[in-house]
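These are the residues of each chain, in order.
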Amino acid sequence: SRARLSRCDYYCCCCCCCCCSAVRGAFSFRAENWSFWSGYMDALTEFLASEESASCEDESLTLRGLQQFIGDIHESLNGVSQPPAKSRNLHLARLELIKRVASSNLLREKCDGLVVPDLAESLSSYIAVFGGKPSCFNDVRPYITLLPDDVQEMFVVSIAEKGREATAACKDEESISIKVCALMRECLSVQLARYTGQHIRLSVEERRLRVDSLMQQHADGLPLGKDLLSTDVQYVDNLPLLASHLLVDNIQELGGSEVDLLHAIVVLEHGVSVSPSSPQLKLMLLKLY
């Protein structure tokens, strides 16, 4: 079955122009399988680097063809499993295309007038749809560092503002899921700020104030998980974890601040007390002890 093509099949098919339709046909079944997208892009990259690509006239075996293909899949998914705008892998495929073109001189040469989507806009589109999902941070992490430093900072600030707006908008909302999504968006902005190095530029006192703010958010968000099982992690577990990292920054900057060390331990112990099944909190606590 075409839907069962393996990664090796991609390389075979993409190196042979006449078989490209078989590869693409598989996506009508597995467009939501990210391994299909990454395998297809790997295969196309390998093909474009080969000598055979110079003599191939198949438009589908070009970056322009790939971009058009992503758009075609958007249309074909309409009304099938979920709306195209909410198809996670299609958003990621666009981001992956941008990343590969930006990181490869060969692919930039092969662009041939291709207008590559703007990275910041593509990231914003992705976060607008999936910013309330726990997987969002890991999804955007490989791409956000491609932005220039000044753009990174402005981008994270805009995400933080939208997170606060989402939280304010659902203040009187009864739906737990909507409130959790808003909370996840706020957590995402802190995670991105941490990942892009913005916490390092804070002063000692600014970090301590940020810790107090995170722990207040933690306290406000705990009621959202009151019905979770004891074996589940809390929605707000990332907040004390990020707070402890800020305090560790202070410890390193001050050459071993006992005040910040004890504060970090208290923060983590509190996190573990309300979320005993959180492995990350426990590992960070062991590290500090």
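Preceding this paragraph is the structure being described.
Just so it is clear, the model here is predicted, and its values are computed rather than measured. (Residues numbered from 1 in each chain as written. Predicted model: local features only at pLDDT ≥ 70, side-chain atom pairs only at ≥ 80, totals over all residues. Heavy atoms only, no water.)

> Would you explain the pattern of salt bridges in this entry?
Two side chains with opposite charge may pair up if their charged atoms get near one another. Following the criterion strictly, the structure yields 7 salt bridges and no others. The salt bridge partner of Arg100 is Glu96, with a shortest N-O separation of 2.8 Å. With Arg100 and Glu96 both in helix α6 (residues 88–102), this residue pair falls 4 residues apart, about one helical turn. Each member of the pair Arg100 and Glu96 is classed as buried. Across the salt bridge formed by Arg201 and Glu153, the nearest N and O atoms sit 3.7 Å from each other. Of the two residues, Arg201 is situated in the loop between α11 (176–195) and α12 (204–221) and Glu153 in helix α10 (residues 149–169); the sequence distance between them amounts to 48 residues. A relative accessible area of 54% places Arg201 in the exposed class. Accessibility expressed as a relative area gives 37% for Glu153, which makes it partly exposed. Among the charged side chains, a salt-bridge network with shared partners connects Glu205, Arg208 and Asp260. (Salt bridge = Lys/Arg side-chain N within 4 Å of Asp/Glu carboxyl O. Helix = DSSP H or I, 4+ residues; strand = E, 2+ residues; numbered from the N terminus. Buried < 20%, exposed > 50% of the residue type's maximum accessible area, 1.4 Å probe, protein only.)

> Sorry if this is basic, but what is going on with the side chain of Arg185 here?
Assignment of secondary structure puts Arg185 in helix α11. Buried within the structure, Arg185 lacks any salt-bridge partner; Glu165 is the closest side chain of opposite charge, at an N-O distance of 9.8 Å. Among all residues touching Arg185, those that are not within four sequence positions of it are Ile127, Ala128, Val129, Gly131, Gly132, Gly163 and Ala166. (Lys, Arg positive; Asp, Glu negative; His and termini not counted. Contact = heavy atoms within 4.5 Å.)

> Is there a simple way to think about the nonpolar core in this case?
The tendency in soluble globular proteins is for nonpolar side chains to be buried side by side. Leu183, Val211 and Leu214 are the most contacted members of the largest nonpolar core, which has 28 residues in total. Put simply, the parts of the chain that give this core at least two residues each are α11, α12, α13 (238–253), α14 (258–274) and α15 (279–288). Contact partners of Val211, with chain neighbours within four places excluded, come to Ala243, Leu246, Leu247, His263 and Val267. Counting 21 residues, the second largest nonpolar core, distinct from the first, contains Ile98, Tyr143, Val156 and Ile159. (Core = buried A, V, L, I, M, F, W, Y, C linked by side-chain atoms within 4.5 Å.)

> Please explain α6 as it appears in this structure.
Note on helix geometry: an α-helix contains 3.6 residues per turn, so any two residues three or four positions apart are oriented the same way. With 15 residues, α6 should reach 21 Å at 1.5 Å per residue; the first-to-last C-alpha distance of 21 Å fits that figure. The buried fraction of α6 is high, at 11 of 15 residues. Within α6, burial applies to Asn89, Leu90, His91, Leu92, Ala93, Leu95, Glu96, Leu97, Ile98, Arg100 and Val101. (Expected span 1.5 Å × (residues − 1).)

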